Amino acid sequence: MTTPYRGGFAPVSEEITAFDLPVTGRIPAELNGRYLRNGPNPLNLDDPSAAHLFLGEGMVHGVRLRDGRAEWYRNRWVRNAATARRLGEEPRPGPVHDDFDLAANTHVIGHAGRTFATVEVGARPYELTYELDTVGPCDFGGTLPGGYAAHTKLDPHTGELHAIAYYFGWDHHQHVVLDPQGRVSRTVDIPVADAPMVHDLALTQRYVVIYDLPVTFSMDHAAKGAPLPYSWNDDHPARIGLLPKDGGEVRWLEVEPCWIFHTLNAYDDGDQVVIDAVRYPKRFVDARLDLGGMPTLDRFTLDLASGKVSESRLDDRAQEFPRADERLTSLPYRYGYAATADDYLDVIFAGDTEMEDLPDAAFGNALIKHDLLRGVQETRTFARGAAVGEPVFVAARAGAAEDDGYVVAFVNDPGRGATDLVILSAQDFTGEPVATVHLPARVPLGFHGSWVADAEGS
């Protein structure tokens with residue numbers, strides 16, 4: 001069995017708790033909370049699910065910062081029923097969707113004072129404690145009617161959390177809104193053909209943006225035993241939907257065939273809707289992750305008067321995991337951040353290439369800062385062989401201007417064989433880090449994370 005879990009993706013075998021972590025530099029005193037990140041960490045590489053990067057058991061890594069100190073680091077497997085049993089534990093109680101239970105491995109978020117690990121393809125999230133232990137599967141107090149989604153978007157104006165859930169057994173997607181108290185306040189079923197995958201969404205002040213793109217569930221690949229049977233489908237039209245937040249039908253606009261994992265941001269501009277996202281020419285070709293071309297940062301401009309969509313290239317370098325100041329979600333904005341991704345996944349998934357033979361360009365060892373107003377970028381490069389995770393922006397204080405804050409990310413340090421939490425000044429992006437927290441272990445390359453600030457007084 002060929003496995004993608006090699007090199008920087010190789011799993012760790014232990015759960016660790018470490019206190020009073022060593023720091024180079026000075027942690028800003030205003031950073032009180034947890035930096036959390038999720039990703040696949042298979043328990044057994046001989047398991048068939050370990051043949052696909054999206055299917056390994058989830059492991060959440062967290063660093064707690066308070067009063068200028070790095071108080072602790074923890075890593076914990078998300079204990080769905082199967083993982084709990086394999087660890088010799090009793091499964092946690094809680095409602096799963098359609099007997100579909102995954103050890104959530106895609107994202108980790110905070111909402112309504114709680115912590116949730118989320119996952120792809122319609123399984124429910126798992127709730128975690130503050131210290132990252134598993135509480136159990138969650139249906140938000142009985143208010144979630146079906147499955148949930150890997151990605152969410154918080155509306156900073158209302159405090160509502162939006163998601164687009166999909167599931168291979170449905171003939172629709174479902175728009176799910178959580179209120180600020182963490183209960184589902186409304187759902188809308190959106191009919192779609194072919195059971196397409198939808199990884200992310202976007203918000204503007206007027207609309208929820210829905211992607212309906214040519215990656216669909218494939219019975220042929222399911223029959224062949226594909227671990228994740230979604231495949232590029234030339235017969236499925238590519239379109240973007242605009243669901244009015246205040247109610248009404250989805251308006252669909254056709255786009256050139258492409259694939260989008262992640263949105264940077266979106267906003268309304270008069271009679272236009274602007275969407276900035278990482279675009280692939282194709283993905284999941286023949287149900288594989290390593291075919292389909294390089295990801296670039298593109299802008300989609302939807303003209304509501306003409307019904308036409310125009311596309312422009314913001315940056316042609318390969319990049320992924322785009323993030324912006326989330327206080328400006330749905331609003332015009334200037335700055336964004338991303339991790340370089342010279343598609344080293346393509347090389348890793350090739351199956352025969354040894355990691356030490358990879359060229360320099362195959363390693364994502366840099367972060368990019370986009371100034372979209374000026375149309376320029378800055379690049380913060382780390383050591384050769386370092387592997388950089390998703391950058392997350394944290395404002396310096398309530399009411400701080402855009403870009404007045406910090407960019408935080410996990411960076412694997414090849415010299416130590418372990419990982420650092422690097423805190424950069426957003427306004428001195430290429431300068432020395434404000435602080436580097438040295439973790440006692442390696443954090444495998446993974447997916448998404450969040451800065452979850454502590455409540456006042458905690």
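Residues numbered from 1 in each chain as written. Predicted model: local features only at pLDDT ≥ 70, side-chain atom pairs only at ≥ 80, totals over all residues. Heavy atoms only, no water.

Q: So what about the side chain of R283? Which residues, and what values?
A: Take R283: it is sitting in the loop between β21 (272–280) and β22 (296–303). You can call R283 buried: its relative accessible area is 2%. Of the polar contacts made by the side chain of R283, one reaches the backbone oxygen of L289; its length is 3.0 Å. (Helix = DSSP H or I, 4+ residues; strand = E, 2+ residues; numbered from the N terminus. Buried < 20%, exposed > 50% of the residue type's maximum accessible area, 1.4 Å probe, protein only. Polar contact = N/O pair within 3.5 Å; in protein donor to acceptor, adjacent residues only side chain to side chain.)

Q: Pulling in residues and values, what's your account of the packing of aromatic side chains?
A: By the definition in use, this model includes 21 aromatic pairs. Taken together, a centroid distance of 5.9 Å and an interplanar angle of 75° make the contact between Y167 and W170 edge-to-face. Under the relative-accessibility criterion, W170 is labelled buried at 16%. When the ring of Y267 is compared with that of Y333, the centres are 6.2 Å apart and the planes differ by 75°; the resulting orientation is edge-to-face. Of this pair, Y267 sits in strand β20 (residues 259–269) while Y333 sits in the loop between β24 (319–324) and β25 (335–340); the two residues are 66 residues apart in sequence, bridging distant segments of the chain. Y333 matches Y267 in its accessibility class, with the two residues each being buried. Residue placement shows R74 over the ring face of W72; its charged tip is 4.4 Å from the ring centre. One residue, R239, lies across the ring of W252, its end atom 3.7 Å from the ring centre. (Phe/Tyr/Trp six-rings, centres within 6.5 Å; stacked < 30°, edge-to-face > 60°. Lys NZ or Arg CZ within 6 Å of the ring centre and 35° of its normal.)

Q: Give a description of the pattern of salt bridges that names residues and reports values.
A: In this structure the tally under the stated criterion is 31 salt bridges. Note that D47 is salt-bridged to R86, the shortest N-O span being 3.2 Å. Of this pair, D47 sits in the loop between β3 (33–40) and β4 (58–66) while R86 sits in helix α1 (residues 81–86), placing them 39 residues apart in sequence. Residue R86 is classed as partly exposed on the basis of its relative accessible area, which comes to 39%. (Salt bridge = Lys/Arg side-chain N within 4 Å of Asp/Glu carboxyl O.)

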